[in-house]
Amino acid sequence: MRVGVIDYGVGNLGSVLRALDELRVTPILITRAVDMDSVDSLILPGVGSFADCAGRLAKDAWSQALRDQVLGGHRPLLGVCVGMQLLASCSLEGADKDSPGGVQGLGFVPGRVEHLRALGCTLRVPHVGWNEVVQRETKCDLLDGIPNGTDFYFVHSYAFVPDDPADLLATTDYGVSVAAAVGRGRIWGTQFHPEKSSRAGLRLLRNFIEGPVC
Amino acid sequence: MLKVRVIPTLLWKQFGLVKGVGFDSWRRVGTVLPAIKVYCQREVDELILVDIVAHKLNDDPDFESIGEFGRECCVPLTVGGGITRPEQVMRLLRSGADKVSVNTSAYAHPELVSEIAKRHGVQCVVASIDVRTDHTGSDWRCFSHAGRQATGRDVRDWARELEGRGAGEILITSIERDGTLQGYDLALVEAVVSAVKIPVIASGGAGTYQHMVDAVKQAGASAVAAASMFHFTEQTPAGAKAALAAASVPVRNPLQQCVGTGIGSLQRWH
């Protein structure tokens, strides 16, 4: 199992690599888009601002290569935190007068990314800490073996709103219902950080690496 | 529901872990790595690791040591000390940090906070503020350089400015309560909580579980940090969470959420 971690200049790479090590998987840091050919699955790590991350993906030919690899069905992809948000069609993080409609994402999972306040959240933002993840009724292999309501570690100010509710795998409650995990085909995203979410997070990463089907 | 976090703070000076009283009279309390291992084994909610002498060196943070610590840390890790430039943050995130904490540099260069937030997101920046009460006894002034330099800044104004510039959380420490085990300065925590809309971590003075309950229930803290209480008394983060739970504060109980990681079954691939 060769797991590629996309190194596009942002993200808590140390923690992601560490978690994969703990699963006895040798992670491969992918620093050039062409190197994606050599791995079985791909992780797009988080910790970044959407506009900056989207700009980096567009600039270094990552976007096109990811489209070829992932939409072509060759390799499963797991986006974490802002890595999940990048799967959306667009985000209002980083929207300005030049792009009032927001910044374009990869568009793998149709939907938009909005600030928690715009979604009606009146609690303190960012949403930081451990929160329960409620799974949808139809079971999904990505969350296999993880009890419904398990706490995962979140740290974010923006949230993914998928266009198609069928893409929503799990939610969490932070004053409003927030997308915690999305999935479409072999493309997955978690708003929380599985690499920092203790045993449940490691279990999710293992489920992903073993190739879930939904 | 979001859980209130109990966060052990690890203060690190050159080769060891230290703890003082009032940001002074530092005592060695062990080495960093074993402490991180123990806290990880116990699945604490989060850890804060601060290099308390890094600001003196005008140099980069000690990436090599932080990398060693990061490799052993399976819980969310905030790293602080000596961060003066946004480029350092990427290296820290590569070394195992999940968030960074800025303090001294932000006074002279508040744009540092905005630059880190722009690149790594607001949620990545924990703004740390160290304060002492002023001559009136009912207001607080901010201090930089591990509590040694007065900045003249009022804590509420400074907290609001940091929030406006893109801080994602405030770690508020009372220098006078630090290491005393006498309890958090609840009025201070409450003042900061009401000044900003981002989460506030109470720090400085925790000596009993009840102090933590008070910081959350009376002062509105989103998280509670402690060092001396865990170094020098029998009390533990798990005990703190049990006490918080008994006081109806939502906390995470990792032991009830026992999930196999399935490491065994993955090994067959190798």
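Computed from a predicted model, the values in this text were never measured in an experiment.

**Details of the overall build of chain B**
Phase 1: Tallying secondary structure elements over chain B gives eleven helices and twelve strands in all.
Phase 2: The C-alpha atoms of chain B give 18 Å as radius of gyration, which agrees with the globular expectation for 270 residues (18 Å, within 12%).
Phase 3: Per-residue burial over chain B gives 53% buried out of 270 residues.
Phase 4: A fraction of 64% describes how many contacts in chain B between residues 6 or more apart in sequence connect residues 24 or more apart.

**Comments concerning the overall build of chain A**
Phase 1: Counting its secondary structure elements, chain A contains five helices and 14 strands.
Phase 2: In summary, chain A has a C-alpha radius of gyration of 16 Å against a globular reference of 17 Å for 214 residues, a match within 12%.
Phase 3: Overall, the C-alpha framework of chain A stretches about 45 × 45 × 30 Å when taken along its three principal axes.
Phase 4: Within chain A, buried positions represent 56% of all 214 residues.
Phase 5: At a minimum sequence separation of 6, the contacts of chain A that also span at least 24 residues come to 69%.

**Details of the packing of helix α1 (residues 13-22) of chain A against helix α5 (residues 198-209) of chain A**
Two measures define how a pair of helices packs: the angle their axes make with one another and the distance between the axes.
All names here are of chain A.
Phase 1: Across the interface, α1 lies against α5 with an axial gap of 10 Å and an inter-helix angle of 80°. As judged from the angle between their axes, α1 and α5 are roughly perpendicular. Contacts from Ala19, Leu20 and Glu22 in α1 reach Gly201, Leu202 and Leu205 in α5.
Phase 2: Taken together, the residues of the contact of α1 with α5 sort by class into four nonpolar, one polar and one charged.

**Some details on the nonpolar core**
Phase 1: Counting 159 residues, the largest nonpolar core has Ile170, Val189 and Val224 of chain B as its most contacted members.
Phase 2: Apart from residues no more than four positions distant in its own chain, Ile170 of chain B is found in contact with Ala127, Ile129, Ala159, Leu162, Val192, Val196, Ile198, Val200 and Ile201 of chain B.

**Overview of the interface of chain B and chain A**
Phase 1: Between chain B and chain A, the contact holds 43 residues from the first and 44 residues from the second.
Phase 2: Mapped onto the side of chain B that touches chain A, the elements with two or more residues apiece are α2 (63-71), α3 (87-94), α5 (111-120) and α11 (263-266) of chain B.
Phase 3: A per-element tally of the side of chain B that touches chain A places α5 of chain B first, with three residues.
Phase 4: Here the residues of the side of chain B that touches chain A sort into 17 nonpolar, 14 polar and twelve charged.

**Some points on the environment of Gly107 of chain A**
Phase 1: By the secondary structure assignment, Gly107 of chain A is in the loop between β6 (103-104) and β7 (111-115).
Phase 2: Between the C-alpha atoms of Gly107 of chain A and Cys90 of chain A, which are 17 residues apart in sequence, the distance is 7.3 Å.

**Here's the deal with the packing of helix α6 (residues 155-165) of chain B against helix α7 (residues 186-195) of chain B**
Residues and elements named next belong to chain B.
Phase 1: Packing of α6 against α7 leaves a shortest axis separation of 9 Å and a crossing angle of 40°. By the angle between their axes, α6 is oblique relative to α7. In the packing of α6 onto α7, the handedness of the crossing is right-handed. Only Ala191, Val192 and Ala195 of α7 make contact with α6, whose side of the interface consists of Val155, Arg156, Ala159 and Arg160.
Phase 2: A breakdown of the residues in the contact of α6 with α7 according to their chemical character gives five nonpolar, no polar and two charged.

**Examining the sheet that holds strand β11 (residues 158-162) of chain A**
Residues and elements named next belong to chain A.
Phase 1: Taking strand neighbours across the sheet as the criterion, the four strands line up as β6-β5-β7-β11 in an open arrangement whose pairing is mixed. The sheet is open, and its two edges are formed by β6 and β11, each paired on a single side.
Phase 2: When β7 meets β11, the two strands line up antiparallel, connected through five bridges. Each bridged residue has a counterpart across the sheet, and for Glu114 the counterpart in β11 is Ala159.

**Regarding unusual backbone geometry**
All names here are of chain A.
Phase 1: Of note, the amide linkage connecting Val125 to Pro126 takes the cis form, showing an omega dihedral of 5°.
Phase 2: Assignment of secondary structure puts Pro126 in the loop between β7 and β8 (127-132).
Phase 3: Although it is not a glycine, Ala61 sits at a positive phi angle of roughly 65°.
Phase 4: The residue Ala61 is located in the loop between α2 (50-59) and α3 (62-71) in this model.

**Some details on helix α1 (residues 32-41) of chain B**
All names here are of chain B.
Phase 1: Every buried residue of α1 is accounted for by Val32, Ala35, Ile36 and Tyr39. For α1, the buried positions fall inside an angular range of 100° around the axis, keeping them on one side. Along α1, the residues that are exposed and aim more than 90 degrees away from the buried face are Pro34 and Gln41.
Phase 2: On its buried face, α1 is in contact with β1 (5-13), β2 (16-21), β3 (24-30), β4 (47-51) and α2.
Phase 3: Just beyond α1, the residue with positive phi is Glu43, at close to 55°.

**Considerations on the confidence of the model for chain B**
Residue and element names in this part refer to chain B.
Phase 1: Per-residue pLDDT for chain B averages 93, and the proportion of residues at 70 or more is 94%.
Phase 2: Predicted confidence is poor over residues 264-270, with pLDDT under 50, and the contacts of this stretch with residues over four places away or in other chains come to seven contacts.
Phase 3: Among the scores for the predicted complex, ipTM is 0.94 and pTM is 0.95.

**A closer look at the sheet that holds strand β13 (residues 176-184) of chain A**
Residue and element names in this part refer to chain A.
Phase 1: In spatial order, the strands read β2-β1-β3-β4-β14-β13-β12-β9; together these eight strands make up an open sheet with mixed pairing. At either end of the open sheet lies a strand with only one pairing partner, and these are β2 (27-30) and β9 (134-135).
Phase 2: Where β9 lies against strand β12 (residues 168-174), two bridges are found, and the strand directions are antiparallel. Among the inter-strand pairings, Val134 is bridged to a residue of β12, identified as Thr171.
Phase 3: Together, β1 (3-6), β2 and β3 (41-44) form the strand contacts of α1, whose direction differs from that of β1 by roughly 170°.

**A closer look at α3 of chain A**
Residues and elements named next belong to chain A.
Phase 1: If you check which residues of α3 are buried, you get Trp62, Leu66 and Val70. Take α3 and look down its axis: the buried residues cluster within an arc of 40°, on one side only.
Phase 2: Backbone geometry just downstream of α3 places Gly73 in the positive-phi region, at approximately 80°.

Definitions and cut-offs
The numbering scheme is per chain: residues are counted from 1 as the chain's sequence reads. Chains and ligands are labelled sequentially in the order written, the chains with letters from A and the ligands with numbers from 1. pLDDT decides what is reported in this predicted model: residues at 70 or higher carry local features, side-chain atom pairs at 80 or more are listed and counted, and totals for whole chains, interfaces and linings draw on all residues regardless. Counting from the N terminus, the helices are DSSP H or I runs at least four residues long and the strands are E runs at least two residues long. Note on method: radius of gyration uses C-alpha positions; expected globular size equals 2.2 Å times residues raised to 0.38. The exposure scheme places C-beta atoms from the backbone and then counts, for each residue, the other C-beta atoms within 10 Å of its own, assigning buried at 20 or more, exposed at 12 or fewer, and partly exposed in between. Contact definition: two residues whose C-beta atoms, as placed from backbone geometry, lie within 7 Å. Here the axes come from fitting lines to C-alpha atoms, over the contacting stretch only for helices, and the angles between their N-to-C directions go from 0 to 180 degrees. Relative orientations are named as follows: roughly parallel for angles under 35 degrees, roughly antiparallel for angles over 145 degrees, roughly perpendicular for angles from 65 to 115 degrees, and oblique for any other angle. Under this grouping Gly is polar, as are all residues other than the nonpolar Ala, Val, Leu, Ile, Met, Phe, Trp, Tyr, Cys and Pro and the charged Asp, Glu, Lys and Arg. Structurally, a nonpolar core is described as a collection of buried Ala, Val, Leu, Ile, Met, Phe, Trp, Tyr and Cys residues joined by way of C-beta atoms within 7 Å. Crossings are sorted by hand: turned counterclockwise from the far helix by less than a right angle, the near helix makes the crossing left-handed, and turned clockwise it makes it right-handed. Strand pairing follows a simple DSSP-based rule, namely that at least 2 bridges must link the two strands. Think of the arc as the fan of directions from the helix axis to the C-beta atoms. As a per-residue measure, pLDDT reflects the predictor's confidence and takes values from 0 up to 100.

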